[in-house]
Amino acid sequence: IMILQVILVWLLSTQCYDVVQAFIDGSLLWHRHSNIAKYPLQVTVDDTFAFPQQTPHSGRHFVPSHPAYQRKIFRRFKRWRRKRFMEGWYYRLTIPEENVSFAFIISIEDPGTDSKLKLSCIQVVGPDDSYLVQADRDDTKFWAHKNQQALGCNFRYVSDEVSAEMKYKTALTHEEWKENVESGFQILPQKFLGRVDGHDGSQGDVFQGEPGFCEFDFSVEPLCGWGSQKSTGGWLASYDVFEPHWQVTLADARATGSVVWNKKRYDFVDQPFYSEKNWGAALPSKWYWTQCNSFEGYDRLSVTAGGGVRKVPFGQSEALGMVGVHHNGTFYEAVPWANGYMDWNVSTWGFWNLTGRSTSGDQPFDAEVTYELDPKEMPGLVFRAPTPDEGMVYFCRDTFEANVTLSLWHLEWNGEEYVRLLPPIIDKAKSHQGGAEIGGGPWWSSWIKRSQLKPAIRALLRLPFKLQSLRKKS
């Protein structure tokens with residue numbers, strides 16, 4: 001039965017498309033030696049791992065339309081995939097001394113298709129819930145590496161001559177980018193560059209609003225990816241089983257550099273940094289999310305917790321959530337497929353209480369994290385996200401100023417049940433810079449639920465744990 005389930009999952013995923021994608025990517029090698037292009041093709045080396053903490057799915061999940069990647073003769077193959085597709089990257093920088101956070105949210109929608117929702121976009125959230133967006137319908141400006149988290153989109157160059165010269169280039173040197181790019185962004189595994197010459201989106205869509213400007217230039221030093229560099233959603237994340245997929249790529253890191261936000265400059269050294277990504281048809285129909293890695297009195301403590309309603313095969317859906325805590329080199333993960341569960345109580349705005357338990361492995365534990373704020377004083381920022389039918393529209397509410405309390409306990413079996421051991425591993429760690437979000441809907445009342453998995457999906461996700469248990473017994 002288990003073998004049949006695996007075969008079924010493979011058939012349900014669009015593996016035939018991945019074969020075509022590999023063929024299209026292979027055309028890059030041919031194009032590198034082509035004399036047809038007016039300008040020489042330059043693509044930086046795309047190594048498998050940028051650093052030891054790199055997680056699975058760090059690379060792209062789509063075929064770029066950027067001219068550096070393929071000849072026009074191959075582009076028709078991309079149109080085979082008629083299903084809606086988006087890939088998004090989220091980066092958060094926290095500067096505790098300034099009581100300021102920045103979020104850089106990048107997305108590509110329906111690349112290489114004739115979709116009216118096709119879009120390359122960057123949104124930046126700044127101090128006091130300020131907001132900036134710049135976007136372009138031309139997806140050929142967007143490039144991304146297959147094996148690393150390296151991506152970019154140059155909206156405008158300093159001149160038409162430079163634009164023609166740079167047409168077949170992807171990642172540029174720091175000096176090249178600074179000299180030639182008027183607006184755009186370049187994200188390399190450990191170096192972030194950007195000039196966002198956009199607006200606040202207040203006049204209807206991503207192309208209209210009050211003008212604004214943000215420039216960023218900083219480097220990132222990774223501390224931890226996700227556990228022992230594994231998939232946040234389990235091994236099935238490698239297949240088109242769920243909608244959407246989610247991967248934390250850097251649960252904790254440190255950033256050094258500068259951000260200029262509407263003429264105010266912020267310089268920082270070794271400040272908390274976090275990153276994650278999504279890909280699939282669209283974001284969940286309803287979700288919540290929380291994150292913090294700037295706790296008072298803790299240097300190496302990070303917590304990410306989230307959940308939502310995702311699609312699974314045969315037109316079904318399931319509501320599930322998880323909690324992950326990195327503390328001084330140890331990873332505590334409560335997920336519903338590994339002898340664990342998660343309960344959540346999330347209000348319509350202002351309260352997130354999330355508890356997780358794991359009884360698998362050698363360190364059973366309980367974790368509880370609460371995010372709170374006054375909804376009247378802190379209404380949060382409503383901003384855009386990709387949706388299935390309308391594209392990039394207002395779809396979620398976010399804050400970086402929630403009060404966070406995190407506790408973590410070891411568990412011990414007393415013969416009847418698991419009980420918490422005292423003292424706690426983490427005893428009410430606090431922060432006033434918690435990131436918290438709700439999205440989709442409806443949100444007419446508090447969402448109180450325990451994470452649930454479809455039996456077949458749970459059985460498949462548990463396969464690695466069963467194999468690990470068999471190895472231990474042998």
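Structure report, in brief. This is a predicted model, so every value here is computed, not measured. (Residues numbered from 1 in each chain as written. Predicted model: local features only at pLDDT ≥ 70, side-chain atom pairs only at ≥ 80, totals over all residues. Heavy atoms only, no water.)

Time to look at the nonpolar core. Counting 37 residues, the largest nonpolar core has F142, F185, F216, F218 and F273 as the members making the most contacts within it. With near-sequence residues (within four places) excluded, F216 lies in contact with F104, I122, F185, I187, F192, L193, G194, V196, S258 and V259. Membership of the second largest hydrophobic core comes to 33 residues, among which are C292, W344, V404 and I438. (Core = buried A, V, L, I, M, F, W, Y, C linked by side-chain atoms within 4.5 Å. Buried < 20%, exposed > 50% of the residue type's maximum accessible area, 1.4 Å probe, protein only. Contact = heavy atoms within 4.5 Å.)

Looking now at the side chain of T113. Summarising the element assignment, T113 is placed in the loop between β2 (100–109) and β3 (119–125). Looking at T113, its side chain comes within polar contact range of the main-chain oxygen of D110, at 2.9 Å. (Helix = DSSP H or I, 4+ residues; strand = E, 2+ residues; numbered from the N terminus. Polar contact = N/O pair within 3.5 Å; in protein donor to acceptor, adjacent residues only side chain to side chain.)

If you walk through the whole model with that rule in mind, you get 20 salt bridges. Put simply, D197 and R156 hold a salt bridge, and the shortest N to O gap is 2.8 Å. With a gap of 41 residues between them, D197 in strand β8 (residues 191–199) and R156 in strand β6 (residues 151–157) connect regions that are remote in the sequence. R310 is the partner of E318 in a salt bridge, and the nearest nitrogen-oxygen pair spans 2.8 Å. (Salt bridge = Lys/Arg side-chain N within 4 Å of Asp/Glu carboxyl O.)

Below, the discussion takes up the pairing of strand β4 (residues 131–136). With 6 of 6 residues buried, β4 is to be regarded as a mostly interior element. Taking every second residue as pointing to the same face, both faces of β4 are buried, with Y131, V133 and A135 on one and L132, Q134 and D136 on the other. Inspection of the sheet shows β3 paired to β4 by 6 bridges, in the antiparallel sense. Looking at β4, one finds that Q123 is bridged to V133. Hairpin connection between β3 and β4: a loop of 5 residues separates the two successive antiparallel strands, and D128 in this loop has a positive phi of roughly 55°. (Pairing = 2+ DSSP bridges.)

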